[in-house]
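Residue-level structure breakdown
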Amino acid sequence: MRIIAVDNYEEMSIKAAKIIASQIILKPDSILGLATGSTPVGMYKELINMYKNRELDFSNVKTFNLDEYYGLSEENDQSYHYFMRKNLFNYINVKEKNIHIPNGNVADIEAECENYEKVIKESGGIDIQVLGIGGNGHIGFNEPDINFEASTHLVNLTQDTIEANSRFFSSIEEVPTKAISMGIKTIMQSKKILLLANGEGKADAVYGMIKGKISPEVPASILQLHNDVTVIVDKEASSKL
Ligand code: PGA
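Residues numbered from 1 in each chain as written. Predicted model: local features only at pLDDT ≥ 70, side-chain atom pairs only at ≥ 80, totals over all residues. Heavy atoms only, no water.

1. Looking at the pairing of strand 6 (residues 128-131)
Filter applied, for reference: Buried, partly exposed and exposed residues are distinguished by accessible area as a fraction of the type maximum, computed with a 1.4 Å probe on protein chains only: under 20%, between the cut-offs, and over 50%, respectively. Only DSSP runs of H or I reaching four residues or more are called helices, and only runs of E reaching two or more are called strands; each is numbered from the N terminus. Two strands qualify as a pair provided DSSP detects at least 2 bridges between them.
Burial along strand 6 is two-sided: the residues Ile-128 and Val-130 and Gln-129 and Leu-131 are all buried. Bridging between strand 2 (residues 31-34) and strand 6 involves two bridges; their strand directions are parallel. Looking at the pairing, Gly-33 lines up with Gln-129 of strand 6. Relative to strand 9 (residues 192-197), strand 6 runs parallel, the two sharing four bridges.

As structure tokens, then:
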């Protein structure tokens with residue numbers, strides 16, 4: 001793992017955007033794995049600025065998002081479809097047909113999960129996967145568990161995650177309790193991984209990911225086995241290393 005220590009959120013976002021930008025410049029038809037949550041928002045702003053300054057072209061880029069809530073329509077303002085449009089896709093020239101986000105609002109979830117895996121494979125695989133990390137060590141919505149769940153699947157969100165995500169909803173009762181998430185194998189098959197973590201709420205998870213034993217109880221610890229992981233951490237998130 002390559003650990004890049006930075007002072008603050010802004011520096012983390014700029015460094016991360018530069019890594020994604022160089023990926024796109026070197027391979028204009030890159031397949032990006034994208035994440036939602038508060039962590040990557042600053043990085044998306046930087047990428048939008050680079051696009052506006054004509055430094056980046058997304059016209060041949062394909063994207064695959066990590067996860068989506070179960071049972072929310074794409075138009076729901078809490079869905080990750082909505083989040084991605086609001087924070088990135090509406091402001092860059094990525095083609096609609098090249099955007100992929102699991103559909104959490106289908107009758108046949110199993111078929112949706114299988115199809116998501118198939119489309120990732122057919123596209124040639126993810127070149128670089130952006131990850132945040134949950135305070136409980138989750139990546140995507142792969143929650144602490146007794147096994148690593150391999151492929152895209154339906155997840156029961158843990159109480160920790162429901163509470164953490166309730167900040168975006170008007171009440172905790174509105175937070176979906178299930179989601180579709182890429183699995184650990186899906187994530188590990190990405191050629192490169194870029195994980196961002198900021199704030200003291202992530203310090204224990206960052207410690208477990210980098211220094212802890214590899215265990216499904218800290219899902220991010222599996223990243224120790226990937227050969228091309230870059231972690232960008234701010235002072236608070238790295239305070240326990
Ligand atoms: P956050 O979530 O970016 O909103 O902190 C990260 C995660 O839960 O993976």
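2. Details of the layout of surface pockets
Rules: Throughout, the protein atoms alone are placed on a 1 Å grid, and a set of points is a cavity if a 1.4 Å probe fits but cannot get out or a pocket if it is open with protein on both sides within 12 Å along at least five of seven lines; lining residues have an atom within 4 Å of a point. Grid points are joined across faces, edges and corners, and a volume is the space filled by probe spheres set on the points. All amino acids are sorted into three groups, where Ala, Val, Leu, Ile, Met, Phe, Trp, Tyr, Cys and Pro are nonpolar, Asp, Glu, Lys and Arg are charged, and the leftover types, Gly among them, are polar.
Its volume calculated, the largest pocket comes out at about 650 Å³. Around the largest pocket, the lining is made up of 34 residues, and of these Thr-36, Gly-37, Ser-38, Asn-165 and Phe-168 lie nearest the centre. Among the secondary structure elements, those contributing two or more residues to the lining of the largest pocket are strand 4 (67-69), helix 3 (80-87) and helix 5 (159-165). Tallying contributions element by element places helix 3 first for the lining of the largest pocket, with five residues. Here the residues of the lining of the largest pocket sort into 13 nonpolar, 15 polar and six charged. Here the second largest pocket defines a volume of roughly 240 Å³. Surrounding the second largest pocket, 13 residues form its lining, His-81, Arg-85, Phe-89, Glu-96 and Ile-99 being those nearest its centre. Elements with a contribution of two residues or more to the lining of the second largest pocket: helix 3 and strand 5 (99-100). The element contributing the most residues to the lining of the second largest pocket is helix 3, with three residues. Residues belonging to the lining of the second largest pocket are distributed by class as follows: five nonpolar, three polar and five charged.

3. Concerning the site of the ligand
Our working rule: Proximity is defined per residue: any heavy atom of the residue falling within 4 Å of a molecule or strand makes that residue near it. In protein, a polar contact requires one atom able to donate a hydrogen and another able to accept it; more generally it is a pair of N or O atoms within 3.5 Å, and residues adjacent in sequence count only if both atoms are side-chain atoms. Each accessible area is a Shrake-Rupley estimate made with a 1.4 Å probe; only the visible protein chains count as cover when residues are assessed. Pocket occupancy is defined atom-wise: a molecule lies in a cavity or pocket when more than half of its atoms are within 2 Å of its grid points.
Taken together, Gly-37, Ser-38, Thr-39, Gly-132, Ile-133, Gly-134, His-138, Arg-167 and Lys-202 make up the full set of residues adjacent to the ligand. In this structure, Thr-39 approaches the ligand through a side-chain N or O atom, which is 2.4 Å from an oxygen atom. Contacts to the ligand include His-138, whose side-chain N or O atom sits 2.6 Å from an oxygen atom. The fraction of the free accessible surface of the ligand (280 Å²) that becomes covered by protein chains is 83%. Its atoms largely coinciding with the cavity grid, the ligand occupies the largest pocket. Considering only residue class, the shell around the ligand consists of one nonpolar, six polar and two charged.

4. Let's talk about helix 1 (residues 9-26)
Think of an α-helix as 3.6 residues a turn; residues three or four steps apart then line up on the same face. The test is simple: By definition here, a helix of n residues has an expected span of 1.5 Å times n minus one. Think of it as the arc spanned by the lines of direction from the helix axis to the C-beta atoms. Any pair of residues with heavy atoms lying within 4.5 Å of one another is described as a contacting pair.
For helix 1, which comprises 18 residues, the first-to-last C-alpha distance of 26 Å matches the rise-based estimate of 26 Å (1.5 Å per residue) to within 8%. If you check which residues of helix 1 are buried, you get Met-12, Ser-13, Ala-16, Ala-17, Ile-20, Ala-21, Gln-23 and Ile-24. What you see down the axis of helix 1 is that its buried residues fit within an arc of 165 degrees, all on one side. Pointing more than 90 degrees away from the buried face of helix 1 are the exposed residues Lys-18, Ile-25 and Leu-26. Lining the buried residues of helix 1 we find strand 2, helix 2 (41-52), strand 6, strand 9 and strand 10 (229-233).

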